[in-house]
Every structure is written in structure tokens, then in C-alpha cells.
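# Understanding the architecture of this molecule
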Amino acid sequence: MPEEEVVIKRKPFETRIHEIDFFRGILICLVVMDHIFNFTMNFTSGWAGADHLQPYWAINQVMHFYWDHPVRMVVRWLCLISFCFISGISCAFSKSNSKRAMQMVGIWALLFIITNLIKGALVASGANVGVSAFRIDFNVIGVLGWSMLLYCFFEQKNWKWLLVVGLIGLALHPLCQVLSTTTFGKNTYVPFLWRPYVGDDVVGSASLVQGDHMPLFPYLGFFFLGAMVSKLTYAKDKKSYFKRYNWERPICFVGRHTLLIYGTHVLIIFGILSLVGLFIK
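Scope of this entry: the structure provided in the associated data block.

Rules used throughout
- Residues numbered from 1 in each chain as written.
- Predicted model: local features only at pLDDT ≥ 70, side-chain atom pairs only at ≥ 80, totals over all residues.
- Heavy atoms only, no water.
- Helix = DSSP H or I, 4+ residues; strand = E, 2+ residues; numbered from the N terminus.
- Buried < 20%, exposed > 50% of the residue type's maximum accessible area, 1.4 Å probe, protein only.
- Contact = heavy atoms within 4.5 Å.
- Areas by Shrake-Rupley, 256 points an atom, 1.4 Å probe, with all protein chains shown as cover.
- Lys, Arg positive; Asp, Glu negative; His and termini not counted.
- Charge placed at Lys NZ, Arg CZ, Asp CG, Glu CD.
- 1 Å grid on protein atoms, 1.4 Å probe; cavity = no way out; pocket = protein on both sides within 12 Å on 5 of 7 lines; lining within 4 Å.
- Points joined across faces, edges and corners; volume = space filled by probe spheres on them.
- Nonpolar A, V, L, I, M, F, W, Y, C, P; charged D, E, K, R; others polar.
- Phe/Tyr/Trp six-rings, centres within 6.5 Å; stacked < 30°, edge-to-face > 60°.
- Lys NZ or Arg CZ within 6 Å of the ring centre and 35° of its normal.

## A closer look at the overall build of the protein
The number of helices and strands found in the protein is 12 helices and zero strands. Every one of the 281 residues in the protein was classed for burial, and the buried ones make up 40%. Intrachain contacts of the protein at a sequence separation of at least 6 include 78% that bridge at least 24 residues. Accessible surface, the protein: about 16500 Å² in total, of which carbon and sulfur atoms supply 69%. With 25 positive and 16 negative side-chain charges, the protein shows a separation of 5 Å between the mean positions of the two kinds.

Set out below in C-alpha cells:
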């Protein structure tokens, strides 16, 4: 009787490029932390009220200190750039980038529709749920989805094409910034190019307040630069360039499920703080 062949199934941690999952895991943890601070700041403002009740007001001021600090802004930009860059690198390992692109664009479209419906319902009812801005017209999901979709047209081309598109994406950013400050920019609704303007000189602009926003440029550029790096490295060798350590496992696990975490953590944070608010009231 022939011996049965024993097949040992290797776990994702052993088969995937661990450094990509690791860095992605760190980035999504920073995103979750940032949203915890933001939601806590909004909720404690309502709990403290006009009388600045303690300890809620003290917590609110700590959250404000974090939220308004210049260091946070720099870290936020670095995180967004890194997210797009690593997502560009990851394209080398996708079995179907077109399928992934359509999924991401679909998720962005749902996010756009649902948040606008919620915003409309809250305005119509006059309800105060502890968060002032629910509307999300274009954010990181939209950036990654449309960047990935555009990448599908360059997937089989030389890395130089990726470099050119990446540089164009970076170069368009200052142009969009300048246009957004003009009368045309303030009165034109193009959330994928710049944040919708909110001001007294534009009728109805208050309804355009965004809960989260991220323009397509310059981040599409960083996505394509990541894809270019991947074309010259990971796409050729299909191997890790750094030593793997067991202590990375939890962070890599988080990094493998960033989309799920991104899509659920806001609801969890909102639910927990809303529940706490019921006891406070």
C-alpha cells in the first residue's frame, strides 16, 4: 500500500509578504486610534454641555489638543501617503486587479449614498447623535478604488509608464489646490479633486460638510509610485525582503483585514460611545 502524502497547509503569515501586512496593520491601527479620538471629542462636547461639566470637558480638551496639533496633521499625511503607496505595491500580488478595483469603487459608492442618506435624515429630523458631520463624498476608499481602476490600464506596461502617471498625479495636486480657492472652485462640486467649499458666500454649502475627505490627487500619484516600486521588486521576485518574526503575527493579522476593520470600526466606536451616553444622560 503506497504511503499517503501528508500535505501541510501553511498559514497566511508564512506565505504572504509579511512586511506589507505589517506596515498596513500599523497604519490601520493609527486610523482607528485617530477616529477614537475624533468621536470621543465630539461626544464629550455634548456630554459636557454649555456648563463644561467635568470630567467630560477635560477629556474633550485633551482630544482637541491631539486633534488640532500640527504633529497629528503631519502623521496623518504620512499615513495616507503610506497607505496609497503600499496599496500600489500590493497590486503585484492580486489575481485580478480589475475585480478588486470594481469592489473598492462599489464600496465607495455605497459609502457615498449611505452617508448622504443619513445626513439628509438627520437634517430633516433635527436629531443630534453626537457627531456633527456624517457626509463622506470622497475619501481613501474612493482614492484607492479609482487609482486601482486606472492602474488596470497600465498593469502590463513598462514601469516607466507607472512613473509618468505617478508624477502627473503629484503635479496635479497644486493645480487643484489653487483652483479650489477660486470662485469657480468654491461653486463647483468636484469632491474627488478638492474638499467641497463651506462658506457664507456659497448657498447651501453647509450641507456639504464632510465627515472625512481625501482628494484623488496627489494620492493617486503615490499609489502609482508604489506600483512602480512593486514592478521592479516584488512583482519580479515574489519574495519578502525582510526577516519574519513571530511577534509580528497580530499586527500582520490586522494588516490582512484592513478593509473589514475600516468598514466596521466606525460603527463599533459610535455604538460604544452612544451606549455610554445613555448612562451619562
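Once the structure has been displayed, the description carries forward.
## Topic: the layout of surface pockets
Roughly 1400 Å³ of internal volume is contained in the largest pocket. Contributing to the lining of the largest pocket are 47 residues, with His35, Ile136, Asp212, Tyr262 and Val266 lying nearest its centre. The class makeup of the residues in the lining of the largest pocket is 31 nonpolar, 11 polar and five charged. A volume near 790 Å³ is recorded for the second largest pocket. In terms of lining, the second largest pocket is formed by 28 residues, of which the most central are Arg16, Arg24, Ser90, Arg100 and Thr258. For the lining of the second largest pocket, the elements supplying multiple residues, two or more each, are helix 2 (18-48), helix 4 (70-90), helix 5 (97-125), helix 6 (140-151), helix 11 (249-256) and helix 12 (258-280). A per-class count over the lining of the second largest pocket returns 13 nonpolar, nine polar and six charged.

## Side note on the packing of aromatic side chains
According to the stated counting rule, one finds 21 aromatic pairs in the structure shown. Centroid distance Phe22 to Phe23: 5.7 Å. Interplanar angle 75°. Geometry classified as edge-to-face. Relative accessible area serves as the criterion here: at 44%, Phe23 is assigned to the partly exposed category. Centroid distance Tyr234 to Tyr241: 5.0 Å. Interplanar angle 70°. Geometry classified as edge-to-face. Pairwise contacts between aromatic rings join Phe39, Phe43, Trp47, Tyr56 and Phe270 into one cluster. The residue whose ring lies beneath Arg72 is Trp67, and the NZ or CZ to ring-centre distance is 3.6 Å. Over the face of the ring belonging to Trp161 we find Lys157, whose NZ or CZ atom lies 4.9 Å from the ring centre.

On their own, these measurements won't tell you what the molecule is for.
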